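Each chain, letter by letter, is given below.
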Amino acid sequence: MDVRVLAAALLDLVLPGDCAACGAPEPPWCARCRTELGPPVRPYLPGGPAVFAAGRYTGPLRSALLRYKERGRRDLAGPLGALLTALVDDVAGPAPLWLVPAPSRPAAARVRGGDHVARLCREVVASRPGTRLARPLRLSRGVRDSVGLDPEQRAANLAGRVRVGPGALPGDGAVLLVDDVVTTGATLRACRDALVAAGKQVVGAVVLCDASVPMIKTKA
Ligand SMILES: [Zn+2]
């Protein structure tokens, strides 16, 4: 094993009570990582919905998400959920609000020990009165992991394959979609379309990380 890989693995064995991103013994974020979080961004994604991100998919934010999502650090739902809560406070009023997580593929959720986005939503709900969680969205069979797909392939992969499951629809009030990373917006668009078709009002989406490619202006 590469010594750097080994060192990274050992850092991840540090007990809870470490910086969410780098493992230094300064929870929830060490001074250095804290200064490199954010700033919040609002990526432009043609076709919507309005997306608000806690920051770009880089630096400590990306490191913390990967530790949480891929390396079994479920306890990092606390500090990451707090970032989402601040974002929801910025974009939503005090009126009743429903959070709806983008659905994970069941096989991926099993590997990760549960739905990591729904867990983040529960952190937000616990700290915001009037905010509730609904999980009506399902991925139909045949949806592939989107890693490595280009924007058109991502859209085709999801077209018509996010559906509203039986029961569990949000009640009265606006709906805010929640996901961990936005890349092309194809997932969030498919989620919004499924909810709008079910008669729900979707006001936008909050995500932890913006991994979209900024639009490059070219001369006509
Ligand atoms: Zn740190």
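Everything numeric in this text was worked out from a predicted model, so none of it was measured. (Residues numbered from 1 in each chain as written. Predicted model: local features only at pLDDT ≥ 70, side-chain atom pairs only at ≥ 80, totals over all residues.)

Q: Explain the sheet that holds strand β1 (residues 51-56) to me, and be specific about the residues and the numbers.
A: Strand order in the open sheet formed by five strands is β1-β7-β6-β2-β3, and the pairing between neighbours is parallel. Only two strands of the sheet have a single neighbouring strand rather than two, namely β1 and β3 (131-133). When strand polarity is set aside, the average angle formed by the axes of neighbouring strands in this sheet is 25°. Looking at chain direction, β1 and strand β7 (residues 202-210) are connected through five bridges and run parallel. When the bridges of β7 are listed, Arg-56 appears paired with Asp-210. Sitting on the sheet, helix α3 (residues 59-70) touches β1, β6 (174-182) and β7, and the angle it makes with β7 is about 95°. (Pairing = 2+ DSSP bridges. Helix = DSSP H or I, 4+ residues; strand = E, 2+ residues; numbered from the N terminus. Axes fitted to C-alpha atoms, helices over the stretch in contact; angles between N-to-C directions. Contact = placed C-beta atoms within 7 Å.)

Q: Please set out the environment of Ala-194 residue by residue, giving values where relevant.
A: Structurally, the position occupied by Ala-194 is in helix α8 (residues 186-197). As a C-alpha pair, Ala-194 and Arg-161 span 33 residues in sequence and 9.1 Å in three-dimensional space.

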